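# Tertiary structure, described
Residues per chain are reported as follows:
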Amino acid sequence: LSAPGFRLRRISRGAAGRERRERRRRMKLTLESHAGESAELMRSVLRPNGELRTEYPLVFDERGEGRLLSLLEGGRVVSTCAIIERSLICPEGETRVGFIGSVVTHPEARGRGYASKLLEYAENTLRDAGCEHALLWANDPVFYGRRGYALDGHEVDFLVDRTVGSFPVTDVNVRPLRAEESEAIHGLYSEHESRVSRSTAETALLLGCPKMTVLVAEQRGEAISYLCFGRGADLEGVAHEWAGDVD
């Protein structure tokens, strides 16, 4: 309702609209040019008392193929994530997949849609690179579900008693990984019918992750299998990769 000569004015909505328009004007999406600032934002949110770079060398090491995407407002990184393009190999064939991880927004900038805008940029970047699917690990399925992500795959966890029983006497010796064995370990990894494709150099980078123990089973001087136990903060106390002779 309004009287002649008067006009209804929605002050709060208009102000909010102006604020959104101004925010969009100040926003900038960028690839890698602010990698240092983006990496520090990730660390401050995900590892406030620790280190993140060495846990994920394929993203943060200059020899890795991962990239950091950033959303800037007023010249400051307010939201960031990591992406890496991989080939998934399985008996049915091979497909190109984009992995998205470490999606973080500065605590003072949350609730403004920055993460959604950043994910859209990440998805478009991966699509332009030829990826057919996007895959991520998330603690907030509701948020990602609104963007069209769905739960997929499964994980089987086993609790192993720390008390070790007796082992049969064989000619197999179990020992820690040696520095020069990354190529042999990569060969064993590549025997998996279903795996993420990676190079020998990438396997070597991953074997050097902090807080990770790699055990090798050796028979007649040859590495026949291996197991990776623990890795940084995310996989502490977890046996997460193995390959080779299961007998």
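Summary of the structure given here. (Residues numbered from 1 in each chain as written. Predicted model: local features only at pLDDT ≥ 70, side-chain atom pairs only at ≥ 80, totals over all residues. Heavy atoms only, no water.)

Our next topic: the sheet that holds strand β9 (residues 222-229). The sheet built from four strands is open, its strands ordered β6-β8-β9-β10 with antiparallel pairing. Edge positions in the open sheet fall to β6 (172-176) and β10 (239-244), since each of these has one partner strand only. When the angles between neighbouring strand axes are averaged without regard to direction, this sheet yields 20°. Bridge count for β6 against strand β8 (residues 213-219) is five bridges, and the pairing is antiparallel. Bridging across to β8, Val174 finds its partner in Ala217. This element, helix α6 (residues 182-189), spans β8, β9 and β10 of the sheet and lies at about 85° to β9. (Pairing = 2+ DSSP bridges. Helix = DSSP H or I, 4+ residues; strand = E, 2+ residues; numbered from the N terminus. Axes fitted to C-alpha atoms, helices over the stretch in contact; angles between N-to-C directions. Contact = heavy atoms within 4.5 Å.)

Take the packing of aromatic side chains next. Enumeration according to the criterion identifies three aromatic pairs in this entry. Geometrically, the ring pair formed by Phe143 and Tyr144 is edge-to-face, given 4.9 Å between the ring centres and 85° between the ring planes. Judged on exposure class, the residue Phe143 and its partner Tyr144 are both buried. We classify Tyr144 as buried; its relative accessible area is 11%. Through a chain of ring-to-ring contacts, the aromatic side chains of Phe143, Tyr144 and Tyr149 assemble into a single cluster. Geometry around Tyr189 places Arg198 over its ring, the cationic atom sitting 3.7 Å from the centre. (Phe/Tyr/Trp six-rings, centres within 6.5 Å; stacked < 30°, edge-to-face > 60°. Buried < 20%, exposed > 50% of the residue type's maximum accessible area, 1.4 Å probe, protein only. Lys NZ or Arg CZ within 6 Å of the ring centre and 35° of its normal.)

Here we come to helix α4 (residues 114-128). Since the α-helix packs 3.6 residues into each turn, any two residues three or four apart lie on the same face. If you check α4, its first and last C-alpha atoms are 21 Å apart, about what 15 residues at 1.5 Å a residue would give, namely 21 Å. Within α4, the full set of buried residues consists of Tyr114, Ala115, Leu118, Leu119, Ala122, Glu123, Thr125 and Leu126. For α4, the arc enclosing every buried residue in end-on projection is 165°, short of the 170-degree limit, so these residues lie on one face. The exposed residues of α4 that point more than 90 degrees off its buried face are Arg127 and Asp128. Among the residues trailing α4, Gly130 stands out with phi positive, at a value near 95°. (Expected span 1.5 Å × (residues − 1). Arc of directions from axis to C-beta.)

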